[in-house]
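Understanding the architecture of this molecule
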Amino acid sequence: IDANWNRRYWVGSAYLRNGVGVRIPGAGSNVVSSPNHASFQITGDIDLRIKTKLRDWAAPAPVTSGTIVPLVQRYGQGVQVGWRFVLGLDGSLQFGCWVTGPSYTQATVAAPNFGDNEDHWLRVTRASATGVVKFYTCPTEDGATWVQWGADQATTAGVMLAAAVTALTIGHDENNNWWGCPQII
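Residues numbered from 1 in each chain as written. Predicted model: local features only at pLDDT ≥ 70, side-chain atom pairs only at ≥ 80, totals over all residues. Heavy atoms only, no water.

Some remarks on the nonpolar core
Core analysis: the largest hydrophobic core is formed by 27 residues, its most contacted members being Phe85, Phe95, Leu122 and Phe135. Looking at this core, the elements that each hand over two or more residues are β5 (46–54), β6 (68–74), β7 (83–88), β8 (93–99), β9 (103–109), β10 (118–126), β11 (132–138) and β13 (168–170). (Core = buried A, V, L, I, M, F, W, Y, C linked by side-chain atoms within 4.5 Å. Buried < 20%, exposed > 50% of the residue type's maximum accessible area, 1.4 Å probe, protein only. Helix = DSSP H or I, 4+ residues; strand = E, 2+ residues; numbered from the N terminus.)

See below:
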């Protein structure tokens, strides 16, 4: 995250952390977002990395939440569709995207074996030519060494991600739905 990100897109008590990242406390409607920009309109391969901390990795969202816990996404309603990297209510890692058609395709792997209140790096990649999605965890603090988590996941192959016109959000979705945001570091 660029230290020049404008504070007006931060909601709640999200804040820049030592100029190297954003801390979004896991409470309320804390979110960081950036309006649509051409550089966010990914139509090919994608590689997303995020460091997050959860009080309970096995059940990351409160009972009153929706069906997912957003990490980072460009997601909206109707024609404003894109991609999202989320946690399932069981802690599973999920990546979903809309592809030319339009149709939605999703990959899911089991929850990582993380201890509660631990912060960890998570990563997901998707190759547009094959549709193969891979999830990773990182055993080091610096986010430099990646270990694949679970097997390769097949999504719709040979199609590009649909370009989205929605904002990039970290912490909850474009429609201001808060689903029990984890603490994102």
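Quick word on the pattern of salt bridges
For the coordinates displayed, the defined rule picks out four salt bridges. Arg49 serves as the salt-bridge partner of Asp47, at 3.1 Å between the closest nitrogen and oxygen. You can call Asp47 partly exposed: its relative accessible area is 36%. Ionic contacts of the salt-bridge type, sharing partners, join the residues Asp47, Arg49 and Arg123 into one network. (Salt bridge = Lys/Arg side-chain N within 4 Å of Asp/Glu carboxyl O.)

Here's the deal with the pairing of β6
Counting buried positions along β6 yields seven of seven residues, so the element is predominantly enclosed. In terms of strand pairing, β6 meets β7 through six bridges, oriented antiparallel. Along β7, the bridge assignment pairs Pro70 with Val86. With two bridges connecting them, β6 and β13 associate as antiparallel partners. Bridge assignment links Gln73 to a residue of β13, and that residue is Thr169. (Pairing = 2+ DSSP bridges.)

Notes on the environment of Gly91
Topologically, Gly91 is positioned in the loop between β7 and β8. On the accessibility criterion, Gly91 (1% relative accessible area) is buried. Distance from Gly91 to Trp57, taken between C-alpha atoms, is 5.7 Å for residues 34 residues apart in sequence.

A look at the packing of aromatic side chains
Counting across every chain of the model gives three aromatic pairs. Between Phe85 and Phe135 the ring centres are 6.3 Å apart and the planes differ by 40°, which places this aromatic pair in the tilted class. Of this pair, Phe85 sits in strand β7 while Phe135 sits in strand β11; the two residues are 50 residues apart in sequence, bridging distant segments of the chain. Residue Phe85 is classed as buried on the basis of its relative accessible area, which comes to 0%. Ring geometry for Trp98 versus Tyr104: centroids 4.5 Å apart, planes at 55°, classification tilted. We classify Trp98 as buried; its relative accessible area is 14%. The exposure class assigned to Tyr104 is partly exposed, which follows from its relative accessible area of 33%. (Phe/Tyr/Trp six-rings, centres within 6.5 Å; stacked < 30°, edge-to-face > 60°.)

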